[in-house]
Amino acid sequence: MADYKAPLRDMRFVLREVFEIDKLWASLAGTRDSVDVETADAILEQAAKIAAEEIAPLSREADEHGSRWQQGEVVSPPGFKAAYQTFAEGGWCGLGGNAEYGGMGMPKTLVAQVEEMVQGADMSFGLAPMLSAGACLSIDAHASEELKDKYLPNLYSGIWSGAMDLTEPHAGTDLGMIRTRAEPNPDGSYSLTGTKIFITWGEHDMAENIIHLVLAKLPDAPAGSKGISMFLVPKILVNDDGSLGQRNSVACGSIEKKMGIKASATCVMNYDGARGWLVGERNRGLACMFTMMNYERLGVGIQGLGAADASYQNAVEYARERLQSRSPEGAKNPDKAADPIIVHPDVRRMLLTMRAFNEGARAFSTYVAKWLDIAKFSDDKVDIKHASGMVALLTPIAKAFITDKALETTVIGQQVFGGHGFIREWGQEQLVRDARITQIYEGTNGIQAMDLMGRKTVANGGEFLQLFVAEVEGFIRANSDSEALAEFIRPLSAELDNLQRVSTTVIEQARQDPNAIGAAAVEYLHLFGYTVYAYLWASMAKAALAGIEGGDADFYRAKLAVARFYYGRLLPQTKALSAHILEGSGPLMALEAELF
Ligand SMILES: Cc1cc2nc3c(=O)[nH]c(=O)nc-3n(C[C@H](O)[C@H](O)[C@H](O)COP(=O)(O)OP(=O)(O)OC[C@H]3O[C@@H](n4cnc5c(N)ncnc54)[C@H](O)[C@@H]3O)c2cc1C
């Protein structure tokens, strides 16, 4: 198993050369004075160190050991507590947090890179700061000043951690059905009663206190999703002076045994009249949760990327060292009994597929982060509206496409190892098991696809889609005279036309057929994902051509080779996807349920 190394060179390429991040940060009111490329570089270097030296070395034993439940307490795997404390003391938990309450206020474009490193080092560990950051976002956006003052500083410093409590045994996707109740108390607090399941790091020993954001229903709440409110429920009650008081009536009943992310605790949380405080307006809890969901959904995509990149790093090292058979071109390694497997075209297909999806995903997560930064840090209303539309459109694709490809990639990474990929010692099977959950939680990928096609495309007649189309058309126009880029620009133009044509058809189909969206959604999201990656690979090819004369030629030559591989070997998938989509819902709905 290779030691995890953060892909710093590629991150710098994406930030500086593809997205010209210095110009973006200088143009935004909220980042102009707080970050520049030198500061960012120092942060990336430090994050790379902590990911490689403090977190990654724990991953394998933590997977074997898991978190353990003992009479309501959860003991984290060996080394996690100390690593979490080091991580917290370094200020990493508050990297993207609001500076008014002790966060560092860094833009998502930078935070996304740090998140990738932490998740690449170990996804189970990475979930703890990720959930805290999500909880902080919601509290910052919706809670009263009193709650913000009381809770945010300790969450940003990592002294406390956050958890998100939505799911119940009978209510996952359909949160309108939750049964947890919140009864008002005379002092303005609420008493919460009910059971939540699958709560990640809902209980553990790494932080002094755990702040749960819990969805529950008030006694007079309307039925369904319009009757959900959000409450802040600390594990240990916090006194007015900020000191810790009594234990609240919330307890971890058990933790799950599961396929992957075994080191993280997935908790059943029982609320028995636990004291909580309303965050945001009554019955508007889902909207409050959605504030953090765009961030968390991108965060889950980044988790997939982290695991997939770790798998690639291992696979390349193995493919260089493992000697089997001879190259079809004749012996490349005549002094040894066989050639390294990297000579074989099929092994190269595997490695290049992994690399093309991973580097595409890194550019994509940074691209979405760019729009999140504009939406958050700009002071121009028109730009904010545009950026918010792009975030809405791209977030479900970033969550589902990156994670679907991450599973594919980690499975390929396992395949490169042959039988050894199936054996625990090498770490490749852990990455497959870990990556799998990213397709499921934070809204299944099927639900992301329905969101993209239903709410974000059909419902607004393709308004957000047109923002993306206009941007890519602008890129195509601006580069139409470049002979060097023609090999990318021409097919990109054809793919964009195809996406528009298919979108027009599905919008039309959805008007006549209630099953049209559900039938086409997953393939539509993939078609969109491949097209977004085509745009980003063309952008990366452009940056590589611009950089190649200035030194580091191998890096840029490799970038161009992978771009060509993406266009030649992966992008043609869009043809099959388009055919699936245009087939409509007929073949799916023809079979009666009882005949399955
Ligand atoms: C390890 C782990 C960690 C988790 N962490 C957390 C956490 O920290 N906090 C938290 O609150 N939850 C957490 N979850 C819960 C997770 O978010 C849910 O499991 C997920 O959202 C799906 O809900 P469900 O399991 O109830 O599946 P269901 O909602 O029952 O869905 C079952 C299947 O039906 C499909 N489906 C459902 N409705 C539709 C529809 N309308 N159209 C088409 N298809 C549909 C789904 O896509 C899925 O394939 C976690 C889960 C796991 C396994």
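Above this text is the structure in question.
Given the structure is predicted, the values throughout are model-derived calculations rather than measurements. (Residues numbered from 1 in each chain as written. Predicted model: local features only at pLDDT ≥ 70, side-chain atom pairs only at ≥ 80, totals over all residues. Heavy atoms only, no water.)

### Concerning the side chain of Glu 495
When you line up the elements, Glu 495 lands in helix α15 (residues 486–512). It is Lys 575 that comes nearest to the buried, bridge-free Glu 495 among opposite-charge side chains, at 4.2 Å. Reaching out from Glu 495, the side chain makes a polar contact with the side chain of Thr 574 at a distance of 2.9 Å. The contacts of Glu 495, once residues within four sequence positions are left out, are Thr 531, Leu 571, Thr 574 and Lys 575. (Helix = DSSP H or I, 4+ residues; strand = E, 2+ residues; numbered from the N terminus. Buried < 20%, exposed > 50% of the residue type's maximum accessible area, 1.4 Å probe, protein only. Lys, Arg positive; Asp, Glu negative; His and termini not counted. Salt bridge = Lys/Arg side-chain N within 4 Å of Asp/Glu carboxyl O. Polar contact = N/O pair within 3.5 Å; in protein donor to acceptor, adjacent residues only side chain to side chain. Contact = heavy atoms within 4.5 Å.)

### Some remarks on the pattern of salt bridges
Summed over all chains, the structure comprises 37 salt bridges. Note that Asp 41 and Arg 16 form a salt bridge whose closest N and O atoms lie 2.8 Å from each other. Taken together, the residues Asp 41 in helix α3 (residues 37–55) and Arg 16 in helix α1 (residues 8–18) connect sequence positions 25 residues apart. Measuring nitrogen to oxygen at the nearest pair gives 4.0 Å for the salt bridge that ties Lys 148 to Asp 140. As far as burial versus exposure is concerned, Lys 148 and Asp 140 are alike and both buried.

### Points about unusual backbone geometry
Notably, Gln 71 is not glycine yet its phi reads approximately 45°, a positive angle. Note that Gln 71 resides in the loop between β1 (68–70) and β2 (73–75). For Asn 283, which is not a glycine, the phi torsion comes out positive at approximately 65°.

### A word on the packing of aromatic side chains
Counted under the stated rule, the structure contains 26 aromatic pairs. Centre to centre, the rings of Tyr 524 and Phe 528 are 6.0 Å apart; their planes meet at 85°, and the pair counts as edge-to-face. Taken as a pair, Tyr 524 and Phe 528 lie in helix α16 (residues 516–547) at a separation of four residues, close to a single helical turn. Assigned by exposure class, Tyr 524 and Phe 528 land together as buried. Put simply, the rings of Phe 19, Tyr 367, Trp 371, Phe 468, Phe 475, Tyr 524, Phe 528 and Tyr 535 pair up and form one aromatic cluster. Between Arg 9 and the ring centre of Phe 555, over which it is positioned, the NZ or CZ distance is 4.0 Å. Between Lys 370 and the ring centre of Trp 371, over which it is positioned, the NZ or CZ distance is 4.6 Å. (Phe/Tyr/Trp six-rings, centres within 6.5 Å; stacked < 30°, edge-to-face > 60°. Lys NZ or Arg CZ within 6 Å of the ring centre and 35° of its normal.)

### A look at a nonpolar patch on the surface
On the surface, a nonpolar cluster with roughly 370 Å² of combined accessible area is contributed by Leu 591, Leu 595 and Phe 596. With respect to the helices and strands, the residue Phe 596 is situated in the segment after α19 (586–589). On the accessibility criterion, Phe 596 (72% relative accessible area) is exposed. (Patch = residues over 30% accessible without salt bridge, like charges linked within 9 Å, V, L, I, M, F, W, Y side chains within 5 Å. Areas by Shrake-Rupley, 256 points an atom, 1.4 Å probe, with all protein chains shown as cover.)

### Thoughts on the site of the ligand
Taken together, 19 residues sit near the ligand, with Met 164, Thr 167, Thr 173, Phe 198 and Thr 444 positioned nearest. Between the ligand and Met 164, the relevant distance is 2.7 Å, taken from a nitrogen atom to a main-chain nitrogen or oxygen of the residue. In the environment of the ligand, a nitrogen atom lies 2.8 Å from a nitrogen or oxygen atom belonging to the backbone of Phe 198. Alone, the ligand offers 960 Å² of accessible surface; in the complex the protein occludes 61% of this. (Near = heavy atom within 4 Å.)

### Thoughts on the environment of Gly 194
If you trace the backbone, Gly 194 turns up in strand β5 (residues 190–200). Taking the C-alpha atoms as reference, Gly 194 lies 27 Å from Asn 294; in sequence the two are 100 residues apart.

Read these as spatial facts, not as claims about activity.
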